Amino acid sequence: MTKARTYPRRGLHGAVVHDIGVRILRGDLEPGDPIPTEDELGSDLGADVAVSRTVVREAVKVLAAKRLVESRPKIGTRVRPRREWNLLDPDVLAWTVEAGPDDHFLEQALEVRGLIEPHVVRLAAERATDEQIAQLEQADRDLEQAGESLEAFMEPDLRFHTLLFETTHNELLEQMASILTSMLRAIFAYSGRPGAFGRSARRHGAIVKAIRKHDPDAAEAALLKLIGDTRATVEWARKQGPG
């Protein structure tokens, strides 16, 4: 099963990359701002942590590869304009989730999902093997057993959607699974609507039934209903406000 390959947080180097990345996505560091100094990073990571110039330099290389920062002579290392960020990078998506996605990001995530996943589920209905259908059915059973627990529901839900991409037998689409699941993690933050998980489990069940029948039209229709429910849940959560 395809898994998202995010940058390891272990060790001082990984911690520095993570700390700066989250600060940028959270807006604590805005475009044009310099990155924190070694002393500032050490203070944030712990009173007894000493961050060397070498560690910061290596962290900058990682962040620059994700187009979050750039280094220039006499100006130093500063945050790039948002339009230049690699927003589809698995780490950047993960940091977006951790920072707390805003309404604009959520709307874009729902839009991207609506453009891609209906086509994916059609291919799944045409190409899924018996073994892959059995795996989807198992994920669906796990969703049903999760009840209204976010913690229990999230893993089988992400597994289900990753499997959908794998059933296409298209390597490029399979690589996009990590992008979608990162977006779904962000959407889960807005999943507190009463009864939302039970309804979602039933929608997933309808998708599996259509795939087992190798019926692309029915699979797409079921998927669109699921996406519609998700949008309604997000809009409901927005109206409730924080807390």
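Scroll up a little and you will see the structure.
Reference entry: report on the structure contained in this document. Given the structure is predicted, the values throughout are model-derived calculations rather than measurements. (Residues numbered from 1 in each chain as written. Predicted model: local features only at pLDDT ≥ 70, side-chain atom pairs only at ≥ 80, totals over all residues. Heavy atoms only, no water.)

Things to note about the overall build of the protein chain
Logical step 1: Of the regular secondary structure elements, the protein chain holds 11 helices and 2 strands.
Logical step 2: Counting helices and strands in the order they occur from the N terminus, the protein chain gives α-α-α-β-β-α-α-α-α-α-α-α-α.
Logical step 3: Each of the three principal axes of the protein chain carries a C-alpha extent, and together these read 65 × 40 × 30 Å.
Logical step 4: Put simply, the protein chain has 243 residues, and 46% of those count as buried.
Logical step 5: Residue pairs at least 24 apart in sequence account for 70% of intrachain contacts in the protein chain once pairs closer than 6 positions are excluded.
Logical step 6: Treating the 34 positive side-chain charges of the protein chain as one cloud and the 39 negative ones as another, the clouds have centres 2 Å apart. (Helix = DSSP H or I, 4+ residues; strand = E, 2+ residues; numbered from the N terminus. Buried < 20%, exposed > 50% of the residue type's maximum accessible area, 1.4 Å probe, protein only. Contact = heavy atoms within 4.5 Å. Lys, Arg positive; Asp, Glu negative; His and termini not counted. Charge placed at Lys NZ, Arg CZ, Asp CG, Glu CD.)

With respect to helix 3 (residues 53-65)
Logical step 1: Here helix 3 spans 19 Å end to end across 13 residues, near enough to the 18 Å set by a 1.5 Å rise per residue.
Logical step 2: Of all the positions in helix 3, only Val55, Val56, Ala59, Val60, Val62 and Leu63 are classed as buried. Down the axis of helix 3, the smallest arc covering the buried residues is 160 degrees, so these residues share one side. Opposite the buried face of helix 3, at more than 90 degrees from it, the exposed residues are Arg53, Lys61 and Ala65.
Logical step 3: Contacts from the buried residues of helix 3 go to helix 1 (11-26), helix 2 (38-45), strand 1 (69-72), strand 2 (76-79) and helix 4 (90-99).
Logical step 4: At the C-terminal side of helix 3, arginine 67 shows a positive phi close to 65 degrees. (Expected span 1.5 Å × (residues − 1). Arc of directions from axis to C-beta.)

Section: the side chain of threonine 233
Logical step 1: Within the secondary structure, threonine 233 is located in helix 11 (residues 216-240).
Logical step 2: With near-sequence residues (within four places) excluded, threonine 233 lies in contact with Tyr190, Ser191, Arg193, Ala196 and Arg199.

Let's talk about the pattern of salt bridges
Logical step 1: Under the criterion given, the structure shown has 18 salt bridges.
Logical step 2: Close ionic contact of aspartate 19 with arginine 23 constitutes a salt bridge, the shortest N to O distance being 3.2 Å. Of this pair, aspartate 19 and arginine 23 both sit in helix 1, 4 residues apart, which is roughly one turn of the helix. Taken as a pair, aspartate 19 and arginine 23 share a single burial class, namely buried.
Logical step 3: A salt bridge links aspartate 229 to arginine 199, with the nearest nitrogen and oxygen atoms 3.8 Å apart. Of this pair, aspartate 229 sits in helix 11 while arginine 199 is found in helix 10 (residues 196-212), placing the two residues 30 residues apart along the sequence.
Logical step 4: Take aspartate 229: its relative accessible area is 16%, and that puts it in the buried class.
Logical step 5: Residues joined in a network through salt bridges with shared partners are Glu70, Arg72, Arg80 and Glu84. (Salt bridge = Lys/Arg side-chain N within 4 Å of Asp/Glu carboxyl O.)

Some thoughts on the packing of helix 6 (residues 130-146) against helix 10
Logical step 1: Where helix 6 contacts helix 10, the axes come no closer than 9 Å and their chain directions differ by 165 degrees. Considering their axes alone, helix 6 and helix 10 lie roughly antiparallel with respect to each other. Helix 10 is crossed by helix 6, and the crossing has left-handed handedness. The residues of helix 10 that touch helix 6, namely those facing Ile133, Leu136, Glu137, Asp140, Leu143 and Glu144, are Ala201, His204, Gly205, Val208, Ile211 and Arg212. (Axes fitted to C-alpha atoms, helices over the stretch in contact; angles between N-to-C directions. Parallel < 35°, antiparallel > 145°, perpendicular 65-115°, else oblique. Left-handed = near helix turned anticlockwise from the far one by under 90°.)

Notes on the nonpolar core
Logical step 1: Ranked by internal contacts, the top residues of the largest apolar core, which has 45 residues, are Val121, Leu136, Phe153, Phe160, Leu164, Ile207 and Ile211.
Logical step 2: Counting residues per element, the ones that place at least two in this core are helix 5 (103-127), helix 6, helix 7 (150-166), helix 9 (177-188), helix 10 and helix 11.
Logical step 3: Residue contributions to this core peak at 9 residues, all from helix 5.
Logical step 4: If you look at the next biggest cluster of nonpolar residues, it comprises 23 residues, including Val16, Ile20, Ala59 and Val60. (Core = buried A, V, L, I, M, F, W, Y, C linked by side-chain atoms within 4.5 Å.)

Digging into the pairing of strand 2
Logical step 1: Two strands pair when backbone bridges link them, and strand 1 and strand 2 are joined in this way by 4 bridges, in the antiparallel orientation. The partner of serine 71 across the bridge, within strand 2, is threonine 77.
Logical step 2: Here strand 1 folds back onto strand 2 in antiparallel fashion, the turn holding 3 residues, of which lysine 74 has a positive phi close to 70 degrees. (Pairing = 2+ DSSP bridges.)

Note that every value here comes from positions in space, so none of it alone points to a role or purpose.
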